[in-house]
Amino acid sequence: METETLGRFNKEMSSFNTLILINIVGAALAMGFGVAVGANAMLTMIGERNILLPQVAMTELALVGFVFAIRWLVLSAQIFDSFDDIRDEFKNRSEKADGEAVTELIVQNMAFYRDNKSTIEKLKLGSRITGAFFLLLGSIVAFNLLSMGSIALLNLLTGTSGAILCVIIGIVGVYSPSFFEQYIKIWDHRLMYSAEAEKKLDRILEGE
Amino acid sequence: MKGKRTLYEIYWEILTFCRSPRTFTSIIHRCSLNSKIGEEHIDFLLFKGYLRRFEEEERSLYRTTDKADAFLNAFKEIYLELYNKAPRFKL
């Protein structure tokens, strides 16, 4: 049973780690792209020596997206850092797959979840909001491209790839909270069961 | 171990750590407890007969007794069950 539980641990930890890494990459891309879109829109206005409404809207949206992306990145990095300690412990403990080592890993993961539940909830919200912003930004970039009529090939290529990147970041941002929800649901289930288990342990401590 | 733990999880941690004789300082360090809380938990476990205190080379040491086995075994079974009972998390 211990070996089976250890295998399950390995898979669950790898999945969660991958999810955090996807969020870190998504947040970093969103940050970088927010700067690029904002700077590009501002440079266009400087080049035209005029205030252009679509560019103003894009700059503002990119700035807001950038702020959310920083928050998303910081939260993801915090979780990654805490989870890294658990992964190190797992590597040390998994060599000795006895009941006590596996139980310690379970206790440790429960403590991690209790400590980080509110951060995971924020991460879920942060990634969803950032995702929504980048979907909106992608739509605006695409709309601008379509409304321009004739456009140089290079501009068309960069604009199209920008819109596609926005949509990809947006989809990652909007979709990844569902995995966090799954993670929260599973660990809440375990915590709920542990509260019931406390009654049993209490009876043993009381010597019944 | 760091992080929020229940009382039972802390008892389990102290008892498994004290399978080999340990000093008070090493217990509170290993279990991330302050000395006041650590003393309360150790006193409780001594009172229950789950821990035994003895002197060796002018040092006061603590060791888990056989009486703690029922608690330790039940804890292990319950936690393995609660972990495996929940659905799997996967991407």
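Residues numbered from 1 in each chain as written. Chains lettered and ligands numbered in written order. Predicted model: local features only at pLDDT ≥ 70, side-chain atom pairs only at ≥ 80, totals over all residues.

Student: I would appreciate a short explanation of the interface of chain A and chain B in the present structure.
Tutor: When the parts of a complex come together, some accessible area is lost, and that lost area is often used as the size of the interface. Each partner contributes to the interface: chain A provides 34 residues, whereas chain B provides 28 residues. Elements represented by at least two residues in the side of chain A that touches chain B include exactly helix H1 (2-48), helix H3 (99-147) and helix H4 (153-205) of chain A. Class assignment for the residues of the side of chain A that touches chain B results in 16 nonpolar, nine polar and nine charged. (Contact = placed C-beta atoms within 7 Å. Helix = DSSP H or I, 4+ residues; strand = E, 2+ residues; numbered from the N terminus. Nonpolar A, V, L, I, M, F, W, Y, C, P; charged D, E, K, R; others polar.)

Student: Is there a simple way to explain the pairing of strand E3 (residues 59-64) of chain B in this structure?
Tutor: For a regular strand, side-chain orientation follows a simple rule: the groups alternate between the two sheet faces. Residue and element names in this part refer to chain B. Note: strand E1 (residues 22-23) against E3, two bridges, orientation antiparallel. Looking at the pairing, Arg22 lines up with Tyr62 of E3. Relative to E3, strand E2 (residues 51-56) runs antiparallel, the two sharing six bridges. Residue pairing across strands places Glu55 opposite Ser60, the latter belonging to E3. (Pairing = 2+ DSSP bridges.)

Student: Help me understand the packing of H3 of chain A against helix H4 (residues 69-85) of chain B, please; the structure alone is not making it clear to me.
Tutor: Each packed pair of helices is defined by two parameters, the angle between the axes and the distance between the axes. Close contact between H3 of chain A and H4 of chain B brings their axes to 9 Å; oriented N to C, the two are set at 60°. Accordingly, the angle class assigned to the pair H3 of chain A and H4 of chain B is oblique. Where H3 of chain A crosses over H4 of chain B, the two elements pack in a sense that is left-handed. Of the residues in H4 of chain B, those in contact with Gly99, Glu100, Val102, Thr103, Ile106 and Val107 of chain A of H3 of chain A are Phe75, Lys76, Tyr79, Leu80 and Tyr83 of chain B. Each residue belonging to the contact of H3 of chain A with H4 of chain B can be placed in one class, and the counts come to seven nonpolar, two polar and two charged. (Axes fitted to C-alpha atoms, helices over the stretch in contact; angles between N-to-C directions. Parallel < 35°, antiparallel > 145°, perpendicular 65-115°, else oblique. Left-handed = near helix turned anticlockwise from the far one by under 90°.)

Student: Can you help me understand the environment of Asn73 of chain B in this one?
Tutor: Residue and element names in this part refer to chain B. For Asn73, the position within the fold is in helix H4. The class of Asn73 is exposed, set by 12 C-beta atoms lying within 10 Å. When the C-alpha atoms of Asn73 and Trp12 are compared, they prove to be 9.9 Å apart, with 61 residues separating the residues in sequence. (Buried ≥ 20, exposed ≤ 12 C-beta atoms within 10 Å, placed from the backbone.)

Student: Quick question: what am I supposed to make of unusual backbone geometry here?
Tutor: It is generally the case that most residues other than glycine have a negative phi and that most peptide bonds are trans. Of note, the phi angle at Arg49 of chain A is positive, near 50°, even though the residue is not glycine. The topology assignment puts Arg49 of chain A in the loop between H1 and helix H2 (53-94). Its 6 C-beta neighbours within 10 Å are what place Arg49 of chain A among the exposed residues. A positive phi angle, near 60°, is found at Glu58 of chain B, a position not held by glycine. Along the chain, Glu58 of chain B turns up in the loop between E2 and E3. Classification of Glu58 of chain B by C-beta neighbours within 10 Å gives exposed; the count is 5.

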